[in-house]
Amino acid sequence: MADHLQNIDLSEYPYINRGLEGIVAFSTTKSFIDGAKGELIYSGYNIDTLAENATFEEVCFLLWNDRLPDAGELNELNSRLQAERELPEVVLNYIRNTDKNSEPMAVLRTAVSMLQDFQPADAVDTDHAIAMTAKMPTIIAAFDRVRNGLDVVAPVKKGSTAFNFLYMLNGEEPGTASERTMDLCLVLHAEHGMNASTFTCRAVCSTESEIFSAVTAAIGSLKGPLHGGANTAVMNTLLKLKDDQGEGADPVAFTLSKLEKKEKIMGFGHRVYKVLDPRATHLRKMSKSLSDETGHEYLYNWSEAMVKTMKEEKNIDPNVDFFSATVYYSLGIVPDLYTCIFAMSRISGWTAHFFEQKENNRLIRPRALYVAEKNKPWIPAEKR
Ligand code: SDX
């Protein structure tokens, strides 16, 4: 509890929930989370059903329309996304000229904000949502190519979001397995109720500001290591363990030492899930198979040892960020891009919630408990 609350009798204020824990602020059709059972539903469909059957583009349509598209609608959405993947020249020039050492999430935040200037005058929110969904992968891949001294690879007018992202990032067409893995990761990260970045998006929408400001703010929120930034932190933790102690490192001793120092282990714990995050189940399987295929078995074995230790010591389970890190690493993607991949998926959930907030808006404006003195006498500066 915050220091200044220590000497306050909070029993007088039963309605204070720090971090708005457990507070229901909206009704929504976008997702349902049962934290006790570890269940996640996107607009009527269980995440396991979607993981096994849906493409990311189908999930985008589902979240935007509260129903799955028919074949014609899906083709139309895919065509729209393919047509809009290229970036305005001014945005590409920003990416080419910004500091190569910039944080990818900061470049993504800035470039997405710039996109508003280049939208057609008659474009509406659904057009903006498609434009951002189509262009965010291009922004991320272009910056990574530029900072590595490589030519920017333009998107192709075919293939899925996952296909184009890996193609633009690596300069070669991905194999079917890699594309499907990336597509599944995009499905799993698309939507998750009132997480901090989605709440941020809705708060901006509630002032009747526009969708680019709402998404830019959400990107800033996702960037934090307590939220989407955790996947990058997980990978950096594992790679530091390897650098420090080699592949023979002891992940149990490492985990226990961090817990001893009261340090948080990134990729574990969740405000809502009190059992295993259902998304982690799918990512865990992918991490296992990919690390076997790519010679990173030790990373997967360390991960499972950390999972066991955290369960035994703190009864805490891994969240979506824990195994996604080793999945992306096994796909050959560098750690500081992982939160960007989270963002290029969550753009679908953010924009779906923007539409929902706008449909039935009420300004989001909670209260805070004032805990300082009141009406103090004025003392001139020379007498203070
Ligand atoms: C995401 O909200 C969403 O839906 C988010 C997300 C989405 O899809 O949008 O699911 C994505 O952001 C997942 C979370 C990624 N963040 C991390 O992995 C960072 C590490 N996790 C923790 O910081 C923490 O678990 C949070 C922030 C995720 C949740 O924190 P809470 O609900 O505020 O819980 P807390 O910090 O009060 O912890 C409760 C107890 C504490 O122990 P005590 O002090 O009571 O003894 O659990 C402990 C904490 O110390 N704890 C951890 C821990 N997480 C909680 N201890 C060690 N390592 C951890 N990771």
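Above this text is the structure in question.
Description of the structure in this document. Keep in mind that what you see is a predicted model, and the values were worked out from it rather than measured.

### Digging into the overall build of the chain
Item 1. Secondary structure summary: the chain contains 17 helices and 3 strands in total.
Item 2. For 384 residues, the compact-globule estimate of 2.2 N^0.38 gives 21 Å, and the chain sits close to it at 22 Å.
Item 3. By principal-axis analysis of the C-alpha atoms, the chain measures approximately 70 × 60 × 50 Å.
Item 4. Within the chain, the fraction of its 384 residues that count as buried is 51%.
Item 5. Entry remark: accessible area of the chain is about 18,500 Å², with carbon and sulfur atoms responsible for 50%.
Item 6. Treating the 41 positive side-chain charges of the chain as one cloud and the 52 negative ones as another, the clouds have centres 6 Å apart.

### Comments concerning the side chain of Thr 161
Item 1. Looking at the element boundaries, Thr 161 is found in helix H8 (residues 161-170).
Item 2. Once residues within four sequence positions are removed from consideration, Thr 161 is found in contact with Phe 56, Glu 57, Leu 81, Arg 85, Pro 137 and Leu 186.

### Remarks on the site of the ligand
Item 1. Contacts to the ligand come from 24 residues, most closely from His 192, Ile 265, His 270, Arg 271 and Arg 279.
Item 2. His 227 has a polar side-chain atom sitting 2.9 Å from an oxygen atom of the ligand.
Item 3. Measuring from an oxygen atom of the ligand, one finds a side-chain N or O atom of His 270 at 2.7 Å.
Item 4. About the coverage of the ligand: the protein hides 71% of its 1,000 Å² of free accessible area.
Item 5. A class-by-class count of the residues in the shell around the ligand yields 11 nonpolar, 7 polar and 6 charged.

### A few points about the pairing of strand E1 (residues 31-34)
Item 1. The pairing of E1 with strand E2 (residues 39-42) spans 4 bridges and is antiparallel. Bridge pairing in E2 links Asp 34 to Glu 39.
Item 2. Taking the residues between adjacent antiparallel strands as the criterion, E1 and E2 are bridged by 4 residues, where Gly 38 takes a positive phi near 70 degrees.

### A word on the sheet that holds E2
Item 1. In spatial order, the strands read E1-E2-E3; together these 3 strands make up an open sheet with antiparallel pairing. Where the open sheet ends on each side, the last strands, each with one partner, are E1 and strand E3 (45-46).
Item 2. Across 2 bridges, E2 lies against E3 in antiparallel orientation. Counted as the bridge partner of Tyr 42 is Tyr 45 from E3.

### Some remarks on unusual backbone geometry
Item 1. Although it is not a glycine, Leu 20 adopts a positive phi angle of roughly 55 degrees.
Item 2. The topology assignment puts Leu 20 in the loop between helix H1 (3-6) and E1.
Item 3. On the accessibility criterion, Leu 20 (37% relative accessible area) is partly exposed.
Item 4. Of note, the phi angle at Glu 208 is positive, near 70 degrees, even though the residue is not glycine.
Item 5. Mapped onto the fold, Glu 208 is located in the loop between helix H10 (196-206) and helix H11 (211-222).
Item 6. Among the residues examined, Glu 208 registers a relative accessible area of 71% and is labelled exposed.

### Focus: the nonpolar core
Item 1. Ranked by size, the top nonpolar core spans 104 residues in total, and within it Ile 95, Leu 108, Met 136, Phe 165, Met 182, Ile 333 and Trp 350 carry the most contacts.
Item 2. Residue-level mapping places this core at the junction of two domains, with at least three residues from each of domain 1 (40-222 + 347-359) and domain 2 (230-330).
Item 3. Other than its neighbours up to four places away in sequence, Phe 165 contacts Pro 137, Ile 140, Ala 141, Met 182, Ile 333, Ile 341 and Met 344.

### Some points on helix H6 (residues 104-115)
Item 1. Helix length check: H6 (12 residues) gives 17 Å between terminal C-alpha atoms against 16 Å at 1.5 Å per residue, within 8%.
Item 2. Regarding H6, the residues found buried are Pro 104, Met 105, Ala 106, Val 107, Leu 108, Ala 111, Val 112 and Leu 115.
Item 3. Where H6 is buried, its residues meet helix H5 (89-97), helix H7 (125-147), H11 and helix H17 (338-359).

### Some words on the environment of Leu 87
Item 1. Along the chain, Leu 87 turns up in the loop between helix H4 (71-83) and H5.
Item 2. Classification of Leu 87 as buried rests on a relative accessible area of 11%.
Item 3. Along the primary structure Leu 87 and Asn 75 are separated by 12 residues, whereas in three dimensions their C-alpha atoms are 22 Å apart.
Item 4. Not counting residues within four places of it along the chain, the set of residues in contact with Leu 87 comprises Leu 92, Ile 95, Lys 135, Thr 138 and Ile 139.

### Things to note about H5
Item 1. Along H5, the positions that sit buried rather than exposed are Val 91, Leu 92, Tyr 94 and Ile 95. Here the buried residues of H5 occupy an arc of 155 degrees about the axis, which is enough to place them on one side.
Item 2. Packing partners of the buried residues in H5 comprise H6 and H7.

### What to know about the layout of surface pockets
Item 1. Considered as a void within the structure, the largest pocket measures approximately 1,600 Å³ in volume.
Item 2. Elements that contribute at least two residues to the lining of the largest pocket include exactly E1, H10, helix H15 (297-314), helix H16 (320-330) and H17.
Item 3. Here the residues of the lining of the largest pocket sort into 22 nonpolar, 13 polar and 10 charged.

### What about the packing of aromatic side chains?
Item 1. Summed over all chains, the structure comprises 7 aromatic pairs.
Item 2. On the basis of an interplanar angle of 45 degrees and a centroid distance of 4.5 Å, the ring pair of Phe 268 and Phe 322 is categorised as tilted. Remark: Phe 322 occurs in helix H16 and Phe 268 occurs in the loop between helix H13 (251-260) and helix H14 (278-293); sequence separation between them is 54 residues.
Item 3. Taking the relative accessible area as the measure of exposure, Phe 322 reaches 1% and is therefore buried.
Item 4. Where Tyr 300 meets Phe 323, the ring centres are 6.2 Å apart and the plane angle is 35 degrees; that geometry is what we call tilted. On the criterion of sequence distance, the pair formed by Tyr 300 in helix H15 and Phe 323 in helix H16 is long-range, its members being 23 residues apart.

Cut-offs and rules
- Residues numbered from 1 in each chain as written.
- Predicted model: local features only at pLDDT ≥ 70, side-chain atom pairs only at ≥ 80, totals over all residues.
- Heavy atoms only, no water.
- Helix = DSSP H or I, 4+ residues; strand = E, 2+ residues; numbered from the N terminus.
- Rg over C-alpha atoms; globule rule 2.2 N^0.38 Å.
- Buried < 20%, exposed > 50% of the residue type's maximum accessible area, 1.4 Å probe, protein only.
- Areas by Shrake-Rupley, 256 points an atom, 1.4 Å probe, with all protein chains shown as cover.
- Lys, Arg positive; Asp, Glu negative; His and termini not counted.
- Charge placed at Lys NZ, Arg CZ, Asp CG, Glu CD.
- Contact = heavy atoms within 4.5 Å.
- Near = heavy atom within 4 Å.
- Polar contact = N/O pair within 3.5 Å; in protein donor to acceptor, adjacent residues only side chain to side chain.
- Nonpolar A, V, L, I, M, F, W, Y, C, P; charged D, E, K, R; others polar.
- Pairing = 2+ DSSP bridges.
- Core = buried A, V, L, I, M, F, W, Y, C linked by side-chain atoms within 4.5 Å.
- Domains from an automatic or database assignment.
- Expected span 1.5 Å × (residues − 1).
- Arc of directions from axis to C-beta.
- 1 Å grid on protein atoms, 1.4 Å probe; cavity = no way out; pocket = protein on both sides within 12 Å on 5 of 7 lines; lining within 4 Å.
- Points joined across faces, edges and corners; volume = space filled by probe spheres on them.
- Phe/Tyr/Trp six-rings, centres within 6.5 Å; stacked < 30°, edge-to-face > 60°.

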